[in-house]
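Chain by chain, the residues run as shown.
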Amino acid sequence: MSSISAFAFDGSTANPPAKISPKGFTSAEQALRAGIDDLKAGDAAAAVAALTYAAEGGEPIARWKLGEIYADGVVVARDDIKAYRCFNRLVEDYDEDAPDQRNRAAISSAFVAVGVYSLTGIPNSEVHADPERARELFQYAATTFGNPDAQYNLAHMYIVGAGGLSKDNISAVHWLVLAAEKGHRPSQALLGHMLFTGDGVPSQRGRGLMWLEIAANGADSAKDEWVRDVYQHDFAAANEDDRQVAAAMFDARSKGPPLPSIISRNVIKSLQMLRPNVPMLAATPAPPPAE
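To start, this report covers the structure provided alongside it. This one's a predicted model, so the numbers in the text were calculated from it and none came from an experiment. (Residues numbered from 1 in each chain as written. Predicted model: local features only at pLDDT ≥ 70, side-chain atom pairs only at ≥ 80, totals over all residues. Heavy atoms only, no water.)

On the secondary structure map, Ser125 appears in the loop between helix 5 (104-120) and helix 6 (131-144). Relative accessible area serves as the criterion here: at 17%, Ser125 is assigned to the buried category. Among the polar contacts made by the side chain of Ser125, one reaches the main-chain carbonyl oxygen of Ile122 at a distance of 2.7 Å. Among the polar contacts made by the side chain of Ser125, one reaches the main-chain amide nitrogen of Val127 at a distance of 3.1 Å. (Helix = DSSP H or I, 4+ residues; strand = E, 2+ residues; numbered from the N terminus. Buried < 20%, exposed > 50% of the residue type's maximum accessible area, 1.4 Å probe, protein only. Polar contact = N/O pair within 3.5 Å; in protein donor to acceptor, adjacent residues only side chain to side chain.)

This is how it looks when you write it as structure tokens:
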């Protein structure tokens, strides 16, 4: 049985292992299990030691989890270069001729995280800003994995004309639609605003207001404040016909299949670049629990 099918990403196991020092692990899989349980128990030092052992032993999830830990700066002090190296190892080791389907979500997240770091670089390190590499990574994750964060980031690069891309709001809307249909709130909000205002695309005020309402209804934290602000601004600018069309579309949509839920976590802090009040980069989604 593989290590991934043996435990959930919330750290729970049927029979948590006894504490073992890194030198006492008999396998990378055992270290991975112990590291996840240590995280759940709040033992940061033991968790990092175990996950490091597992990562060095080739466990992809251990590399992903370490990257997340160092990027979040909650369990341990934030260390972007260590996070970058963990994520980048997953990117470099990915074999598209023999894709790792079991760890697909973690690898997809790693592509997005490395893209974020490549976009801006890491101060005082060997990781320099490389927008073209960022665009390539977002493009790959958007197309190969269908990653909604990558789709959103790629859309924004089309909007501002970054990474060697020409400004192209039509292409941006294409990627935003794909992400919005997955329940990605930033994409829903930005798509709605662009359609409502006709920002480089044919104006569809009612449809735009519908997407903004969907996004605003799902907003649930301080980081989503900009979503509510954009919705309130555009709703105030709408006329009664716009609102009626939006309400009809919203009602018809609510009677159909529910939108899938995208669970997001802050692997990398949202960056605001080139477009005030609209985050350039969305949070990277955590892989879902294994089946």
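Further remarks concern the environment of Ile159. Structurally, Ile159 is set in helix 7 (residues 148-160). Sequence separation of Ile159 and Ile170 is eleven residues, and the distance between their C-alpha atoms is 9.0 Å.

Moving on, we get to the packing of aromatic side chains. By the definition in use, this model includes nine aromatic pairs. Ring centres of Tyr94 and Phe111 lie 5.9 Å apart, and the angle between their planes is 90 degrees; on these two criteria the pair is classed as edge-to-face. In this pair, Tyr94 is assigned in the loop between helix 4 (80-93) and helix 5 and Phe111 in helix 5, connecting sequence segments 17 residues apart. Accessibility classification places Tyr94 together with Phe111 in one group, the buried group. An aromatic cluster of three or more residues is present, and its members are Tyr94, Phe111, Tyr140 and Phe145. The positively charged end of Arg243 is found above the aromatic ring belonging to Phe235, 4.2 Å away from the centroid. (Phe/Tyr/Trp six-rings, centres within 6.5 Å; stacked < 30°, edge-to-face > 60°. Lys NZ or Arg CZ within 6 Å of the ring centre and 35° of its normal.)

Moving on: helix 11 (residues 225-237). A turn of α-helix holds 3.6 residues, and therefore any two residues three or four places apart point the same way. Its 13 residues place the ends of helix 11 19 Å apart at the C-alpha level, agreeing with the 18 Å of an ideal helix rising 1.5 Å per residue. Within helix 11, burial applies to Trp226, Val227, Val230, Tyr231 and Asp234. Seen along its axis, helix 11 keeps its buried residues to an arc of 135 degrees; they face one direction. Of the residues in helix 11, the exposed ones pointing more than 90 degrees away from the buried face are Gln232, His233 and Ala236. Each element contacted by the buried residues of helix 11 is listed here: helix 7, helix 9 (185-197) and helix 10 (205-218). (Expected span 1.5 Å × (residues − 1). Arc of directions from axis to C-beta. Contact = heavy atoms within 4.5 Å.)

This paragraph deals with the pattern of salt bridges. Per the stated rule, a full pass over the model turns up ten salt bridges. Note that Asp224 is salt-bridged to Arg185, the shortest N-O span being 3.1 Å. In this pair, Asp224 is assigned in the loop between helix 10 and helix 11 and Arg185 in helix 9, connecting sequence segments 39 residues apart. The class of Arg185 is partly exposed, set by a relative accessible area of 22%. Residues joined in a network through salt bridges with shared partners are Arg63, Arg89 and Asp93. (Salt bridge = Lys/Arg side-chain N within 4 Å of Asp/Glu carboxyl O.)

By themselves, these are just geometric observations and shouldn't be taken as functional.
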